[in-house]
Amino acid sequence: MKKGKQMSQQVVKDNVLINASYSLDLVEQRIILQGIVKSRDTEQGFNALNPVRIHASEYEKLYGVTKDGAYKALKDAVLSLFERQFSFTELQDEKLKVVKSRWVSQIAYVDDLAEIQIIFSPAVASMCSRLERHFTSYDLEQVAQLTSKYAVRLYELVIAWKATGKTPVFKLQDFRDKIGLLDENEYSTMSNFKKFVLDLAVDQINEHTDIKLTYEQHKKGRTITGFSFKFKQKVKPKKIEQQQRDPNTADLFTKMTDAQRHLFAHKLAHDARVQSEYSHLIGTGSYEDFARLLADKLAEEKHFKTFYPLLVEHGFQA
């Protein structure tokens, strides 16, 4: 990946969407995530006029499938993804309401171009672009090798708690809904649920992603009523590269105005390298909260020097 392009692989979702109940198969989840990433990385962003385009070659490269497999995945998605729905809860006038929404408002496959074109629904666009709310972000490559649809969902659910490294207890039925088991007859026995859903997902996450995950089952008597999860990074996040700096950074530091601090703090808050390095500060907070923390750090010379190479990348000039 080219320098300065890391952000192009960041999946960012409002936590309301992270915790929504829905069932998507593996291909559908992959296309949704890839579409979110590409929409956020374009000047148009999420809108109803310019569909996000995903070419078969992009899908092939990211997910390591064959060319024929990529073509088939995109074609099949057009047939099913338009009908897929999700549900979430939100407050309205201090009352809880349950909302149902489609994932996309329009979807097409252009055979001659071997690409799928997606326009996200207003609800999805809002929850993947608004920055003032609580959000979760992760690198799309972390889930690219997962082949269980339940593993993708479980990774999202637990990584939302990366600030603490542990989740609250998910009640069994709520957990089934979140992970995509909306049919109560599907893997209804606990032995099958563990074998084909939970343990499979945990094994894949531990093998292919950046975290090591364990779970604890919670019981009422002999009956399992829920699960909680703990996880830790397999390796410490890579430090921001300490590139050779201009010897006059101290002079530049004194010339950085308060307005510049807040402007560039906002830019740094959206940089994947900074998010990785300072993930312990993000938690489930908003971009604006994170940016304010970074602005405070830029007021200190030692932090200014650390961020200086990235500041230059983002256009800082004294």
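Keep in mind that what you see is a predicted model, and the values were worked out from it rather than measured.

1. A look at the pairing of strand β1 (residues 10-14)
The side chains of a regular strand alternate, first on one face of the sheet and then on the other.
Piece 1. Within β1, five of the five residues are buried, which leaves it mostly tucked inside the rest of the structure.
Piece 2. Burial of β1 is two-sided: the residues Q10, V12 and D14 facing one way and the residues V11 and K13 facing the other way are all buried.
Piece 3. Looking at chain direction, β1 and strand β8 (residues 135-139) are connected through five bridges and run antiparallel. Across the sheet, the residue bridging to Q10 is D139, located in β8.

2. Quick word on the sheet that holds strand β2 (residues 21-22)
Piece 1. Across the sheet, which stays open at both edges, the three strands sit in the order β2-β4-β5 with antiparallel pairing between neighbours. Each edge of the open sheet carries a strand with a single partner, namely β2 and β5 (95-102).
Piece 2. In this structure, strand β4 (residues 85-92) lies alongside β5, joined through eight bridges in antiparallel fashion. Counted as the bridge partner of Q92 is K95 from β5.

3. Here's the deal with the environment of L26
Piece 1. Structurally, L26 can be placed in helix α2 (residues 26-40).
Piece 2. The buried category is assigned to L26, whose relative accessible area is 18%.
Piece 3. Taking the C-alpha atoms as reference points, L26 and K149, separated by 123 residues in sequence, lie 4.6 Å from one another.
Piece 4. Beyond its immediate chain neighbours, meaning those up to four positions away, L26 contacts L146, T147, S148, K149 and V152.

4. Remarks on the pattern of salt bridges
Here the idea is simple: oppositely charged side chains can pair when their charged atoms come close.
Piece 1. The full count for this structure, using the stated rule, is 11 salt bridges.
Piece 2. Between D76 and K72 there is a salt bridge whose closest N-O contact spans 2.6 Å. Of the two residues, D76 and K72 both sit in helix α4 (residues 67-80), four residues apart, roughly one turn of that helix.
Piece 3. Take D76: its relative accessible area is 35%, and that puts it in the partly exposed class.
Piece 4. Residue R261 pairs with D258 through a salt bridge whose shortest N-O separation is 3.1 Å. Separated by three residues within a single helix, R261 and D258 lie in helix α10 (residues 258-269), roughly one turn from each other.

5. Quick word on the nonpolar core
One broad trend across soluble globular proteins is that nonpolar side chains are buried collectively.
Piece 1. The biggest cluster of nonpolar side chains holds 69 residues, and the ones touching the most others in it are L154 and F175.
Piece 2. Top element by residues in this core is helix α6 (residues 149-159). It accounts for eight residues.
Piece 3. Ignoring sequence-local partners within four residues, the contact set of F175 consists of L154, L157, F170, F193, L198, F227 and F229.
Piece 4. Among the nonpolar cores identified, the runner-up in size contains 17 residues, and A265, A269, F304 and Y308 belong to it.

6. Quick notes on the packing of aromatic side chains
Piece 1. Summed over the entire model, instances satisfying the criterion amount to 17 aromatic pairs.
Piece 2. Considering the side-chain rings of Y59 and Y63, the 4.8 Å spacing of their centres and the 55 degrees angle between planes classify their relative orientation as tilted. Here Y59 pairs with Y63, and both are found in helix α3 (residues 56-63), just four residues apart, close to one helical turn.
Piece 3. According to the relative accessible area criterion, Y59 is buried, its value standing at 1%.
Piece 4. Both rings, one in Y150 and one in Y187, keep their centres 6.5 Å apart while their planes meet at 85 degrees; by these two values the pair is edge-to-face. Here Y150, found in helix α6, pairs with Y187, found in the loop between α7 (172-179) and α8 (190-208); they are 37 residues apart in sequence, far enough to count as distant.
Piece 5. Since its relative accessible area comes to 28%, Y187 is described here as partly exposed.
Piece 6. Its guanidinium or amino end placed over the ring of F82, R102 lies 4.8 Å from that ring's centre, counting from NZ or CZ.

7. Overview of α8
Piece 1. Helix length check: α8 (19 residues) gives 25 Å between terminal C-alpha atoms against 27 Å at 1.5 Å per residue, within 8%.
Piece 2. Residue D199 marks the point of greatest curvature in α8, where the axis turns by about 35 degrees.
Piece 3. Buried within α8 we find F193, K194, V197, L198, A201, V202, Q204, I205 and N206.

Definitions and cut-offs
- Residues take numbers from 1 onward in each chain, read along the sequence in its written order.
- Per-residue local features are limited, in this predicted model, to residues with pLDDT of at least 70; the limit for side-chain atom pairs, both in listing and counting, is 80 or more; totals at the level of whole chains, interfaces and linings are taken over all residues.
- Each side-chain value is derived from all of the structure's non-hydrogen atoms; neither hydrogens nor water enter the calculation.
- Buried, partly exposed and exposed residues are distinguished by accessible area as a fraction of the type maximum, computed with a 1.4 Å probe on protein chains only: under 20%, between the cut-offs, and over 50%, respectively.
- Runs of H or I in DSSP of at least four residues are treated as helices and runs of E of at least two as strands, each being numbered from the N terminus.
- Strands are labelled as partners when DSSP assigns at least two bridges between them.
- Residue contacts are counted whenever heavy atoms from the two residues lie within 4.5 Å of one another.
- For this document, the term salt bridge refers to a Lys or Arg side-chain nitrogen within 4 Å of an Asp or Glu carboxyl oxygen.
- What we call a nonpolar core is a set of buried Ala, Val, Leu, Ile, Met, Phe, Trp, Tyr and Cys residues that are connected through their side-chain atoms within 4.5 Å.
- Paired rings are identified among Phe, Tyr and Trp, the last through its six-membered ring, by centres lying within 6.5 Å, and are further divided according to the angle between planes into stacked (under 30 degrees), edge-to-face (over 60) and tilted (the rest).
- Counted as over-ring charges are cases with an Arg CZ or a Lys NZ within 6 Å of the ring centre that also lie within 35 degrees of the ring normal.
- Here a helix's expected span is defined as the number of its residues, less one, multiplied by 1.5 Å.
- Think of it this way: the bend at a residue is just the angle between two axes, each fitted to seven residues, one set ending at that residue and the other starting at it.

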